[in-house]
Amino acid sequence: RYSVLMQDAFPDLEKKYLDVVGENAGSRVYVVVEGELQPKPAGEEGHFRGSLKVSKVHSVNEGRGCNSIVSKMGGMFASFEGVATFKLCNNGQTYSILNEGAFKSMEEGYKKLMEEGKMVYAEIYGYRKPIPAEQGGTSKTGMVVTRLVGFDRSFSCE
């Protein structure tokens, strides 16, 4: 749990929160925001691990939780010149991996393991996100990787 600093995009977050909960202020909601986590100062007591400085609010949703957005997936990952794709094993759908979340750490792990452009099986936690058509990619929906579980060169779902 983090406290939310009352600066930058906080007023926008508060307004969207109140629009969703109405008379039920204090209710929990699922939010997608951009921001910066700041650790709790040494020696400070309390229930919070630190503070969140919100720079942009993407969405505020009632009745949704982390499990309704983020899911574990397995598929074939490849990257070439900074453009990454992920093909789901269960349905064969291919997504562009967006440059956010755990993208950088996934790219670093891939480069240590595979030759650029070659596919490797990966298990990830992530979610689908609409992307503007002008960004290109293999679909109009991209994938945000929130956590890389791992790569497995001995398995392929191709």
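Residues numbered from 1 in each chain as written. Predicted model: local features only at pLDDT ≥ 70, side-chain atom pairs only at ≥ 80, totals over all residues. Heavy atoms only, no water.

1. Focus on the side chain of glutamate 107
Next up, step 1: With respect to the helices and strands, glutamate 107 occurs in helix H3 (residues 103-113).
Next up, step 2: Lysine 111 provides the closest opposite charge to the buried, unpaired glutamate 107, separated from it by 4.3 Å.
Next up, step 3: One polar contact links glutamate 107 to serine 79, side chain to side chain, over a distance of 2.6 Å.
Next up, step 4: Glutamate 107 has contacts with Phe77, Ser79, Gly82 and Ala84, leaving out every residue within four places of it along the chain. (Helix = DSSP H or I, 4+ residues; strand = E, 2+ residues; numbered from the N terminus. Buried < 20%, exposed > 50% of the residue type's maximum accessible area, 1.4 Å probe, protein only. Lys, Arg positive; Asp, Glu negative; His and termini not counted. Salt bridge = Lys/Arg side-chain N within 4 Å of Asp/Glu carboxyl O. Polar contact = N/O pair within 3.5 Å; in protein donor to acceptor, adjacent residues only side chain to side chain. Contact = heavy atoms within 4.5 Å.)

2. Some remarks on the nonpolar core
Next up, step 1: Counting 18 residues, the largest nonpolar core has Phe77, Phe86, Ile97, Ile124 and Met143 as the members making the most contacts within it.
Next up, step 2: Among the elements of the structure, strand E4 (71-80), strand E5 (83-88), strand E6 (94-97), H3, strand E7 (120-130) and strand E8 (141-152) are those that each provide at least two residues to this core.
Next up, step 3: Not counting residues up to four positions away in its chain, the partners in contact with phenylalanine 77 are Ala84, Thr85, Phe86, Ile97, Met106, Glu107, Tyr110, Lys118, Met119, Val120, Ala122 and Phe151. (Core = buried A, V, L, I, M, F, W, Y, C linked by side-chain atoms within 4.5 Å.)

3. Notes on helix H1 (residues 10-21)
Next up, step 1: The end-to-end C-alpha separation of H1 is 16 Å, in line with the 16 Å expected for 12 residues at 1.5 Å each.
Next up, step 2: Residues Phe10, Leu13, Tyr17 and Val21 constitute the buried set of H1. With its buried residues spanning 60° around the axis, H1 presents them on a single face. Summarising the geometry of H1, the exposed residues directed more than 90 degrees from the buried face are Pro11, Lys15 and Asp19.
Next up, step 3: Contacts made by the buried residues of H1 are with strand E1 (2-4), strand E2 (30-39) and strand E3 (50-61). (Expected span 1.5 Å × (residues − 1). Arc of directions from axis to C-beta.)

4. Topic: the packing of aromatic side chains
One pair of aromatic rings is described through two measures. These are the centre distance and the angle between the planes.
Next up, step 1: Taken as a whole and assessed by the stated rule, the structure comprises four aromatic pairs.
Next up, step 2: Centre to centre, the rings of phenylalanine 77 and tyrosine 110 are 5.1 Å apart; their planes meet at 85°, and the pair counts as edge-to-face. Separated by 33 residues along the polypeptide, phenylalanine 77 in strand E4 and tyrosine 110 in helix H3 bring together distant segments of the chain.
Next up, step 3: Taking the relative accessible area as the measure of exposure, phenylalanine 77 reaches 0% and is therefore buried.
Next up, step 4: With 6.1 Å between their ring centres and 45° between their planes, phenylalanine 77 and phenylalanine 151 make a pair best called tilted. Placement of the pair is phenylalanine 77 in strand E4 and phenylalanine 151 in strand E8, with a sequence separation of 74 residues.
Next up, step 5: Members of the aromatic cluster, connected to one another through ring pairs, are Phe77, Tyr110 and Phe151. (Phe/Tyr/Trp six-rings, centres within 6.5 Å; stacked < 30°, edge-to-face > 60°.)

5. Considerations on the pattern of salt bridges
Next up, step 1: Scanning the entire structure with this criterion turns up four salt bridges.
Next up, step 2: Across the pair aspartate 8 and lysine 53 runs a salt bridge whose closest N-O atoms are separated by 3.8 Å. Pair noted here: aspartate 8 is in the loop between E1 and H1 and lysine 53 is in strand E3, with a separation of 45 residues, a long-range link.
Next up, step 3: On the accessibility criterion, aspartate 8 (51% relative accessible area) is exposed.
Next up, step 4: Overall, the relative accessible area of 24% leaves lysine 53 in the partly exposed class.
Next up, step 5: Here lysine 15 ties to aspartate 19 by a salt bridge, and the two come within 3.0 Å at their closest N and O atoms. One end of the pair, lysine 15, and the other, aspartate 19, are both in helix H1, four residues apart, so they sit about a helical turn from each other. An identical accessibility class is assigned to lysine 15 and aspartate 19; each is exposed.

6. Topic: the pairing of E6
Next up, step 1: Inspection of the sheet shows E5 paired to E6 by four bridges, in the antiparallel sense. Paired with threonine 85 across the bridge in E6 is serine 96.
Next up, step 2: In terms of strand pairing, E6 meets E8 through two bridges, oriented parallel. Note that in E8 the partner of isoleucine 97 across the bridge is methionine 143. (Pairing = 2+ DSSP bridges.)

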